[in-house]
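The chain contents come next:
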Number of protein chains: 2
Amino acid sequence: MKLSSLADYAIVLMGAAARHCGGVRVSAAMLAAETGVPVPTAQKIVSLLTRAGLLRATRGTGGGIQLARPAAAISLADIVEAIEGPIAMAACVDVGRTEGSAQCALEGSCKVQPHWGAVNGAIKSALGQVSLASLSRDHNTTGAAA
Amino acid sequence: MKLSSLADYAIVLMGAAARHCGGVRVSAAMLAAETGVPVPTAQKIVSLLTRAGLLRATRGTGGGIQLARPAAAISLADIVEAIEGPIAMAACVDVGRTEGSAQCALEGSCKVQPHWGAVNGAIKSALGQVSLASLSRDHNTTGAAA
DNA sequence: CCTCAATCGGATCAAATCGTTCCGATTGCG
DNA sequence: CGCAATCGGAACGATTTGATCCGATTGAGG
């Protein structure tokens, strides 16, 4: 029930990248120095993010990375899905479970499966509500909370 | 962003146990046979659940396990927390972070931390809405979805 | 009262995944 | 044309997770 450190770092990294969005292209190492994330790890995360289409990478001297989409159009769900893969917590909630990899071994008896869909949707919604733009703003107690 | 197999199995196991709640005490092996979960794994899960206070275990011949609380009073959040530990996805959202174990190394720069609280609360709420009693009912498309 | 059987409980071991690190390919500039 | 800086991918190690096994406890039966 906890997301991996990669995704956690990825969010911080993206938040830092959002601040340089309109500016010059920043390198992964520069972003790492800003956020405090280990340089090699930051590089890997940037690679993942770039492959997912969330970041735009420019190679060569003076190159760097920049947001491929506006900060308001990138949500935590996008980042998490880019790193952790599709958000499916029960393995039965996979988007395209066509061939089915052994499933739960008890497809019929599993009364929980239909409910997971709703829970999964709620979680994705919660993550989709928060965008990079929200992270830049001062934490004005976004949405009541608990 | 996906919960471990233990928690997944635990929910199925609890759902099966809920059906025998008012009946006789069932053994962990019997529950495992019903749900299809590997017997040793089911035993371990039952131990975890019992230690968490969600299940009541009776030793000796003819013993077994039973729900310690009514099915309606047990939610998915309880089960998940019993297996996976407290629901904190960023490691900064820990309930009692007094001494702090190295934190994120960038406490001040982390603009994400306050937002995680809201997201975490939303997820816990989503998991808290579904109870064991809900799992017993036919999946009447609980809550719109998507 | 003793023996036996069945059960939970914890400890152990292996596997998979995750996280970190390093090296190579590519590209722009001097 | 050479160099330097950057991303990209691959390899290694560590940690956590998952499955298995054996021992302690308890009840029933003889």
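Keep in mind the model is a prediction, meaning the values are calculated, not measured.

Caption draft 1: A look at the overall build of chain A. Of regular secondary structure, chain A possesses six helices and two strands. In chain A, the succession of helices and strands from N to C terminus is α-α-α-β-β-α-α-α. By the burial criterion, 43% of the 146 residues in chain A qualify as buried. Looking at chain A alone, contacts between residues at least 24 apart form 63% of all its contacts between residues at least 6 apart. By element, 51% of the accessible surface of chain A is carried by carbon and sulfur atoms, the whole surface being about 7,500 Å².

Caption draft 2: Quick look at the protein's contact with DNA strand C. Taken together, 22 residues lie near DNA strand C, and A:Ser5, A:Leu6, A:Pro40, A:Arg59 and B:Arg51 sit nearest. Contact distances for DNA strand C include 2.3 Å between a phosphate oxygen and a backbone N or O atom of A:Ser5. Here B:Arg51 contributes a side-chain N or O atom positioned 2.7 Å from a phosphate oxygen of DNA strand C. Looking at the surface near DNA strand C, the element that brings in the most residues is helix α3 (residues 39-52) of chain B, giving four residues. For the surface near DNA strand C, the residue count by class is six nonpolar, twelve polar and four charged.

Caption draft 3: Region of interest: the protein's contact with DNA strand D. The environment of DNA strand D is formed by 22 residues, the closest being A:Arg51, B:Ser4, B:Ser5, B:Leu6 and B:Arg59. In DNA strand D, the atoms that sit within 4 Å of the protein are 73% sugar and phosphate, with bases accounting for the remainder. Separating a phosphate oxygen of DNA strand D from a side-chain N or O atom of A:Arg51 is a distance of 2.7 Å. At a separation of 2.4 Å, a phosphate oxygen of DNA strand D approaches a polar backbone atom of B:Ser5. Contributions of two or more residues to the surface near DNA strand D are made by α3 (39-52) and β2 (64-67) of chain A together with α1 (5-19) and α3 of chain B. Sort the elements by how many residues they give to the surface near DNA strand D and α3(A) lands first, with four residues. A per-class count over the surface near DNA strand D returns six nonpolar, 13 polar and three charged.

Caption draft 4: Summary view of the packing of helix α5 (residues 113-129) of chain A against helix α5 (residues 113-129) of chain B. It is the contact of α5(A) with α5(B), at a shortest axis distance of 9 Å, that shows an interaxial angle of 170°. Here α5(B) runs roughly antiparallel to α5(A), going by the angle between their axes. Judged by the sense of rotation from one axis to the other, the crossing of α5(A) with α5(B) is right-handed. Contacts between α5(A) and α5(B) involve A:Val119, A:Ala122, A:Ile123, A:Ala126 and A:Leu127 from the former and B:Val119, B:Ala122, B:Ile123, B:Ala126 and B:Leu127 from the latter.

Caption draft 5: Molecular detail of helix α4 (residues 76-84) of chain A. Of all the residues in α4(A), the buried ones are A:Leu76, A:Ala77, A:Ile79, A:Val80, A:Ala82 and A:Ile83. Contacts made by the buried residues of α4(A) are with α1 (5-19), α3, α5 and α6 (132-136) of chain A together with α5 of chain B. Just past α4(A), the residue A:Gly85 takes up positive phi, approximately 85°.

Caption draft 6: Spatial organisation of the packing of α1(B) against helix α2 (residues 28-35) of chain B. All names here are of chain B. Running from N to C, α1 and α2 cross one another at 105°; their axes reach a closest spacing of 10 Å. In this view, α1 runs roughly perpendicular relative to α2, as classed from their interaxial angle. Contacts between α1 and α2 involve Val12, Leu13, Ala16 and Ala17 on the former and, on the latter, Leu31, Glu34 and Thr35. Class assignment for the residues of the contact of α1 with α2 results in five nonpolar, one polar and one charged.

Caption draft 7: Structural context of empty space enclosed by the protein. This model, assessed by the stated rule, comprises one cavity of 30 Å³ or more. Roughly 30 Å³ of internal volume is contained in the largest cavity. Around the largest cavity, the lining residues are A:Glu84, A:Gly85, A:Pro86, A:Ile87, A:Ala88, B:Met1 and B:Lys2.

Caption draft 8: Up close: the environment of A:Arg137. Residue and element names in this part refer to chain A. Relative to the assigned elements, Arg137 resides in the segment after α6. Relative accessible area serves as the criterion here: at 52%, Arg137 is assigned to the exposed category. Spatially, the C-alpha atom of Arg137 lies 18 Å from that of Arg69, the residues being 68 residues apart in sequence.

Caption draft 9: Representation of the interface of chain A and chain B. The interface of chain A with chain B comprises 34 residues on the first partner and 33 residues on the second. For the pair chain A and chain B, the interface holds zero salt bridges. Seen at the junction of chain A and chain B, the total is four residue pairs in polar contact (both at pLDDT 80 or more). A per-element tally of the side of chain A that touches chain B places α5(A) first, with nine residues. Of the residues belonging to the side of chain A that touches chain B, the class tally is 23 nonpolar, six polar and five charged.

Caption draft 10: Focus on the relation of the copies chain A and chain B. Taken as rigid bodies, chain A and chain B are interconverted by a rotation of 180° and an axial shift of 0.0 Å, the fit giving an RMSD of 0.1 Å. Considering both components of the superposition, the chain copies are consistent with a two-fold axis. Both copies contact each other with a shared surface, as 97% of the interface residues of chain A are interface residues in chain B too.

Cut-off values and rules
Along each chain, the written sequence defines residue order, and numbers are assigned to residues from 1. Lettering for chains starts from A, numbering for ligands starts from 1, and both go in the order in which the items are written. Given that this is a predicted model, residues contribute local features only at a pLDDT of at least 70 and side-chain atom pairs are listed and counted only at 80 or more, while totals for whole chains, interfaces and linings are drawn from all residues. To get the side-chain values, take all heavy atoms of the structure and skip hydrogens and water. In this text, helices come from DSSP runs of H or I with a minimum length of four residues, and strands from runs of E with a minimum of two, each type numbered from the N-terminal end. Buried, partly exposed and exposed residues are distinguished by accessible area as a fraction of the type maximum, computed with a 1.4 Å probe on protein chains only: under 20%, between the cut-offs, and over 50%, respectively. A contact between two residues is defined here by any heavy atoms of the two lying within 4.5 Å. Every accessible area reported is derived by Shrake-Rupley at a probe size of 1.4 Å, with residue values counting cover from the shown protein chains alone. By convention in this text, a residue qualifies as near a molecule or strand provided that one of its non-hydrogen atoms is within 4 Å of it. Polar contact criterion, stated in full: a pair of N or O atoms within 3.5 Å, where within protein one must be able to donate a hydrogen and the other to accept it, and residues adjacent in sequence count only if both atoms are side-chain atoms. Gly counts as polar in this scheme, as do all residues outside two lists: the nonpolar Ala, Val, Leu, Ile, Met, Phe, Trp, Tyr, Cys and Pro, and the charged Asp, Glu, Lys and Arg. Each axis is a line fitted through C-alpha atoms, and for a helix only the stretch in contact is used; angles between axes span 0 to 180 degrees, taken between their N-to-C directions. An angle counts as roughly parallel when it lies under 35 degrees, as roughly antiparallel when it exceeds 145, as roughly perpendicular when it falls between 65 and 115, and as oblique in every other case. By convention the crossing between two helices is left-handed if the near helix lies anticlockwise of the far one by an angle smaller than a right angle, and right-handed if it lies clockwise. Every definition here rests on a 1 Å grid over the protein atoms only: cavities are sets of points where a 1.4 Å probe fits but cannot get out, pockets are open sets enclosed by protein on both sides within 12 Å along at least five of seven lines, and lining residues have some atom within 4 Å of a point. Grid points are joined across faces, edges and corners, and a volume is the space filled by probe spheres set on the points. The salt bridge definition used is simple: a Lys or Arg side-chain nitrogen within 4 Å of an Asp or Glu carboxyl oxygen. Copy-to-copy superposition: least squares on the C-alpha atoms, limited to residues that have pLDDT of at least 70 in both copies.

Geometric values such as these leave the question of function open.
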